[in-house]
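Examination of the molecular architecture
Residues per chain are reported as follows:
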Amino acid sequence: ALGVPTPTPSPTPTPSPTPTPTPSPSPTSATDTTAPTISSVTAGSITETSATISWTTGESATGRVQYSLSTPIPTNATSTDWTGSAMNQSIAVPNLTSGSTFYYVAVARDSNGNTSTSSQQSFTTVTSPPPPPPSPPPPPTISILESNCSLYFVKDGSQTLITTDDYGSCPGQTDIVQSANGYGVVWRENRSGTETTQIYFKKIDENGQALTSDVKLTQAISARGLPSIAWTGSEFGVAWQDGRDAVIVNGSNITYGNQYEIYFVSVSASGVKNNSEVRVTNCVEHCGGAQLSWNSAGYYDLTWSESGKGTFSARLNTSGGVI
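Residues numbered from 1 in each chain as written. Predicted model: local features only at pLDDT ≥ 70, side-chain atom pairs only at ≥ 80, totals over all residues. Heavy atoms only, no water.

**What about the overall build of the chain?**
This is how it is decided: We count a stretch as a helix when DSSP gives it H or I for four or more residues in a row; a strand needs E for two or more, and each element gets its number in order from the N terminus. Throughout, exposure labels follow a simple rule: accessible area from a 1.4 Å probe, protein chains only, divided by the maximum for the residue type, with under 20% read as buried, over 50% as exposed, and the rest as partly exposed. In what follows, residue pairs with any heavy atoms lying within 4.5 Å of each other are defined as contacts. Each accessible area value is a Shrake-Rupley result obtained with a 1.4 Å probe; residue values ignore everything except the protein chains displayed when judging cover.
Within the chain, the secondary structure is distributed over zero helices and 23 strands. Looking at the chain as a whole, 36% of its 323 residues are labelled buried. Of the contacts formed within the chain by residues at least 6 apart in sequence, a portion of 48% connects residues at least 24 apart. Carbon and sulfur atoms make up 50% of the accessible area of the chain, which amounts to about 18,100 Å² in all.

**A look at the sheet that holds strand S13 (residues 198-204)**
Note the cut-off: Here, any two strands with at least 2 DSSP bridges between them count as paired.
Pairing is antiparallel across the open sheet formed by four strands, whose spatial order is S11-S12-S13-S14. Edge positions in the sheet fall to strand S11 (172-178) and strand S14 (215-216), since each of these pairs with one other strand and no more. Two elements, S13 and S14, share two bridges in a ladder whose sense is antiparallel. Its bridge partner being in S14, Phe201 is matched across the sheet by Val215.

**What to know about the pairing of strand S8 (residues 142-147)**
Here six bridges tie S8 to strand S9 (residues 150-155), and the two strands are oriented antiparallel to one another. Counterpart to Ser143 in the pairing with S9 is Val154. Linkage of S8 to S9, two consecutive antiparallel strands, is achieved through a turn of two residues, within which Asn148 is found at a positive phi near 55 degrees.

**Digging into the state of the cysteines**
Threshold: For this text, the term disulfide refers to a pair of cysteine sulfurs within 2.5 Å.
The tally for this structure, following the rule as stated, stands at two disulfides. Between the sulfur atoms of Cys149 and its disulfide mate Cys170 the distance is 1.6 Å. In this pair, Cys149 sits in the loop between S8 and S9 while Cys170 sits in the loop between strand S10 (158-164) and S11, placing the two residues 21 residues apart along the sequence. Numbered by position along the chain, the disulfide-linked cysteines of the chain connect as 1-2, 3-4.

Structure follows, in structure tokens:
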């Protein structure tokens, strides 16, 4: 309609801007500067060449052991490798010297590199037993060689003449025993001028050199032989088979029987005959094969055989008497 004015539109209001919130500052983490505590440090499983060091830390930490033969432990002391991280540590320390005192400390390091060291302690390794004494050299190889009517002492292949005689029956049927400073040797021989078989003795040193002359032990018409010799520690004893009791003398005629007995005589350490020959046996048949040895209980052990009856034995005192 005429005369009605058109209304003017109201302006649209401008919205206020939304304020941006101010961010809160992030909290700052505290740096760990505290070293692990170490307690209950001990040394165990100690041997001649090793020991095991154990300890506990107040937090998980790696560890190692520093050790030395000197105290205080120097800064360049031997150290084990670092272990893995744990609160209970146990480290073997190898390659130690036996019978020695070692000084040591335990070292712990946490994940932030904080390191602590225990107070110094010590342990002593087990002393190794002394090595066994060297084995004694083997005894020399000893024998008597009978060759060309001579007797030779053979020691480790080296020969030394003992006696020689080529009249009648050659020296033979030998036996040998070691004494305090050499050997005693006995043998049977029909020597020039005797006309009968006798038992002889000689003492020689460790290399076969003569310490006495040839000593005739028997005064028999027929001391058949097979002598055996023993050493008591202070004198020699000799036993042999002897045919004197079976010999029949009728004027110039001598008949030799087959009845043999076992006889004994003792000889001093210097090679002197101590007593007359002693008859030990009373055999019904032929006796022989006498074997004489010294028993540490203080008597001789004598064994022999008798034809058709077997083997017999007896204990003799140092004069040849049967005990």
